[in-house]
Amino acid sequence: MGIFFAVRGNRDQETAEQPPAPQQETEPEPEPEPEAEEVISNFYASSSSDFAPYSFISPAGWELTEEEGGSRVTLSRDGGAMMLMVEKIADIEDMEGQDLADSYIEITEDMDVTQAVEEDFSWGKDQVKLYGYMYESGLQPEQEQIDLLCWNQYQDYAYILKYMGSSSLDNAKKDMEKVLSNFNWGQGPSSTIKAEDSDAINILILGDDSAFDRPGGRVSGRTDIIMLLHLNLENYQGTIVTIPRDTWVQIPGHNETKINAAHALGGNELTVETIEQFSGLDIDFYVITDFDGFVPLVDFLGGVTVEVTEDLADSFSNCYLDKGVHHLNGEQALALSRNRHRNDGAYAREKEAAKIIVALYEQKTTLEKIVKLPAFINFLLNYTWTDMDFSDAVRLLPALGKIKAQDIEITTIPSWPQMVGQASAVVYDEEATAQLFEEIKNQ
């Protein structure tokens, strides 16, 4: 210890006897950089200002598609899908006078449910109710399906999460927990994942002339109604092109003849091939019904409200309606779509059928269609046939009910009646028709 202090003292003395060293300028020490914020992969945040913002971490392996800044978010993968919906509480309370739970549970009364679900469930720090059931879907009858639903309230909105898929019940609940365990309300950082853009689809809608003791049906009947429905799933705009059944076209592998013969000659596959060749558009799905199926379909949707532009009295179809707005049941809607004797144009019947299809979109709210989707699909499959599978139906979910009548244009190909040999047919302007379909393709 003594040695240490002696050395220090000598050093002090030497310092006092030496002239002070010139003071050197020193650069200020750099301020410490702020720590970088942690970047969370698969982080999704809503961007709409219409409701309180929310965020969650999307589970790995799920493809995320958003609509309207988060009012609808669909997470999908093989075998399942989850949809998050944001709805005004007031709108849910107005839904057929029922609350959401009653409306959801009610649909199981007409379904073959193998297991019902009602239990407590965690939504972040909140406790909510989880409802659901297991059932057999007409779209995938070989595999039991699961449907689950829960919701939470924040301010004036309900945030609803629905699961649809073929996983085990335990795995389905775990998938929902992955979304809800880190679910937050309030403004936060922007998304780190880019939501997939929705695209457009083309659906061929066919009305077959079977039923009423006529042979054919979905296999080989002639198609009295042919409509091509183009939907833009991003902006909810659409176009229906009606194609007169007597349009004279080349049917692949056959001679030129009326377009409705394609179904009689080669069923759905040849019909799709014929329409694709005729329009230049790729057909994603087809939906076909017959006269017997049209009636219960309209009745199931609560009837349909349409405007009739002239007084109608047709003994062939039994359509007797005055000019004006009518709410029609299934029998009346079928009669209107089959009415052949009218004054407002040669192809008014096809346009009436298109108007009925469009009006059916508006018969139930978006939420009702989505909540009741399993029952809705299974009912439809009693009377319609399609090549759409479960994942295709999920892809269309955000558009259900979003399409409004004023957002769908109904048009037809530029054509006119003309005899072709001994056949009474419809011929069309090839250049103008090609331009029409090209414009639709680019919508």
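Everything below is about the structure shown above.
What counts as what
Residues numbered from 1 in each chain as written. Predicted model: local features only at pLDDT ≥ 70, side-chain atom pairs only at ≥ 80, totals over all residues. Heavy atoms only, no water. Helix = DSSP H or I, 4+ residues; strand = E, 2+ residues; numbered from the N terminus. Buried < 20%, exposed > 50% of the residue type's maximum accessible area, 1.4 Å probe, protein only. Polar contact = N/O pair within 3.5 Å; in protein donor to acceptor, adjacent residues only side chain to side chain. Pairing = 2+ DSSP bridges. Core = buried A, V, L, I, M, F, W, Y, C linked by side-chain atoms within 4.5 Å. Axes fitted to C-alpha atoms, helices over the stretch in contact; angles between N-to-C directions. Phe/Tyr/Trp six-rings, centres within 6.5 Å; stacked < 30°, edge-to-face > 60°.

J.: Even after reading the chapter, I still don't get the side chain of Ser-71, so can you show me in this structure?
T.: Mapping Ser-71 onto the fold places it in the loop between β3 (63–67) and β4 (72–77). On the accessibility criterion, Ser-71 (8% relative accessible area) is buried. A distance of 3.1 Å separates a polar atom in the side chain of Ser-71 from a polar atom in the side chain of Glu-68.

J.: Would you explain the sheet that holds strand β10 (residues 184–185) in this entry?
T.: Read from one edge of the open sheet, three strands run β1-β2-β10, paired in antiparallel fashion. What marks the edges here is a single partner per strand, and that holds for β1 (43–45) and β10. Taken together, the three bridges between β1 and strand β2 (residues 54–57) define a ladder with antiparallel strand orientation. Bridge pairing in β2 links Ala-45 to Ser-55.

J.: Help me out: how do you make sense of the pairing of strand β24 (residues 423–428) in this one?
T.: Where a strand is regular, its side chains alternate between the two sheet faces. Here strand β23 (residues 415–420) pairs with β24 via six bridges, running antiparallel. Bridge pairing links Trp-416 to Val-427 in β24. Once β23 ends, the chain turns through two residues before running back antiparallel as β24, passing Gly-421 with a positive phi of about 65 degrees.

J.: I keep staring at the nonpolar core and nothing clicks. Help me out?
T.: Soluble globular proteins tend to pack their nonpolar side chains together in the buried interior. Counting 40 residues, the largest nonpolar core has Ile-160, Ile-201, Ile-203 and Met-227 as its most contacted members. Considering every element that reaches this core, the biggest residue donor is strand β12 (residues 223–232), with four residues. Counting residues in hydrophobic clusters, the runner-up holds 33 residues, among them Tyr-44, Trp-62, Leu-75 and Leu-84.

J.: For this particular structure, what's the right way to read the sheet that holds strand β16 (residues 285–290)?
T.: Working definition: the strands of a sheet are paired by backbone hydrogen bonds and lie parallel or antiparallel to each other. Spatially, the six strands line up as an open sheet ordered β21-β16-β11-β12-β13-β22, and their pairing is mixed. Unpaired on one side and paired on the other, β21 (384–386) and β22 (408–412) mark the two borders of the sheet. When the angles between neighbouring strand axes are averaged without regard to direction, this sheet yields 20 degrees. Relative to β16, strand β11 (residues 200–208) is paired through six bridges, and the arrangement is parallel. Within β16, the position partnered with Asp-208 by the bridge is Asp-290.

J.: Explain the packing of aromatic side chains to me, please; I cannot follow it from the model alone.
T.: Each pair of aromatic rings is reported with the distance of its centres and the angle of its planes. Tallied over the entire structure, the rule returns 20 aromatic pairs. Each ring, one from Tyr-44 and one from Tyr-54, has its centre 6.2 Å from the other, and the planes form 50 degrees; the classification is tilted. Taken together, the residues span a long stretch of sequence, with Tyr-44 in strand β1 and Tyr-54 in strand β2 at a distance of 10 residues. Taking the centre distance of 5.0 Å and the plane angle of 80 degrees together, the rings of Phe-278 and Tyr-428 count as edge-to-face. On the criterion of sequence distance, the pair formed by Phe-278 in helix α6 (residues 261–279) and Tyr-428 in strand β24 is long-range, its members being 150 residues apart. On the basis of relative accessibility, which here comes to 12%, the residue Phe-278 falls in the buried class. Cluster of aromatic residues (ring-pair linked, three or more members): Tyr-44, Phe-51, Tyr-54, Phe-56, Trp-123, Tyr-154, Tyr-157, Tyr-159, Phe-183 and Trp-185.

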